[in-house]
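# Inside the fold
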Amino acid sequence: SLFESVQLSSSFALRSTVTHGVSRLDMDQHEHNLVLAGFDNGAVMLYNLANSTDGGVFDAVRWMSKHTGVITHVQWFPADNGACISSSMDGRVLVWDAEISQVAAEFNLKAKVFCSSLRRDLAHQLIAAGTGGSAVQLCDLNSGSLSHTLRHSSPVYCCDWSPQGAHILATGSLDGSAKVWDIRKSGFGPLLSLDWQQDHTVASRSFAGGGLNNQQY
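Residues numbered from 1 in each chain as written. Predicted model: local features only at pLDDT ≥ 70, side-chain atom pairs only at ≥ 80, totals over all residues. Heavy atoms only, no water.

### Describing the overall build of the protein chain
Along the backbone of the protein chain there are 0 helices and 19 strands. Residues classed as buried in the protein chain amount to 42% of the 217 residues present. Surface summary for the protein chain: the accessible area is close to 11,500 Å², and the carbon and sulfur share equals 52%. (Helix = DSSP H or I, 4+ residues; strand = E, 2+ residues; numbered from the N terminus. Buried < 20%, exposed > 50% of the residue type's maximum accessible area, 1.4 Å probe, protein only. Areas by Shrake-Rupley, 256 points an atom, 1.4 Å probe, with all protein chains shown as cover.)

### Topic: the environment of Ala170
Summarising the element assignment, Ala170 is placed in strand S15 (residues 168-173). According to the relative accessible area criterion, Ala170 is partly exposed, its value standing at 34%. Counting along the chain gives 12 residues from Ala170 to Asp182, while the straight-line C-alpha distance between them is 9.1 Å. If we skip the residues at most four places from it in the chain, Ala170 touches Cys158, Cys159, Asp160, Lys179 and Val180. (Contact = heavy atoms within 4.5 Å.)

### Some remarks on the pairing of strand S16 (residues 177-182)
Bridging between S15 and S16 involves 5 bridges; their strand directions are antiparallel. Looking at the pairing, Ile168 lines up with Asp182 of S16. Sheet topology note: the S16/strand S17 (residues 192-196) ladder contains 4 bridges and is antiparallel. Looking at S17, one finds that Lys179 is bridged to Ser193. (Pairing = 2+ DSSP bridges.)

Right, here's the structure in full:
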């Protein structure tokens, strides 16, 4: 298979000036040569894979350092290689102007941020952020404020927007549940909830056709 032939390159490396672990990576989706690296000391570094000065070893070309906790997510904007986001255990989500390494917007969620995800819809950009306070906060880049709060009963460890439906968000939590939301109808609860049971089965609850449907697998 394809993956049987994949090997670690011995002549390609990202070099860091800090002695801390890398916690997150993201590569841009346009030129495929700009890599964001988030570190456990709160630093975010930018590498350009088209610019090697030492035989396949790449040094950071930008250093963005405003966080004070472990980086939990980094992500390029879908149509702009000059902008990116980062989230951290320091409780903040930052929007960066990567060309000058300056913060363009800041959201202080006042709780540890375990995950975040930037929506792909360019007309109304939102960042979903899962927190240690059991909430998923939606950060509105148009207004610069928090627009929605979605609830689990324990810390939220993962979240991601649907690549097909701009309003659909999936979240997962330490409470054993994964939920799918339509943020236009968030006041009515999730569209789908999958709950892990003690007997190792999954209970499914979905709202379809105006009613509640329960199933167990």
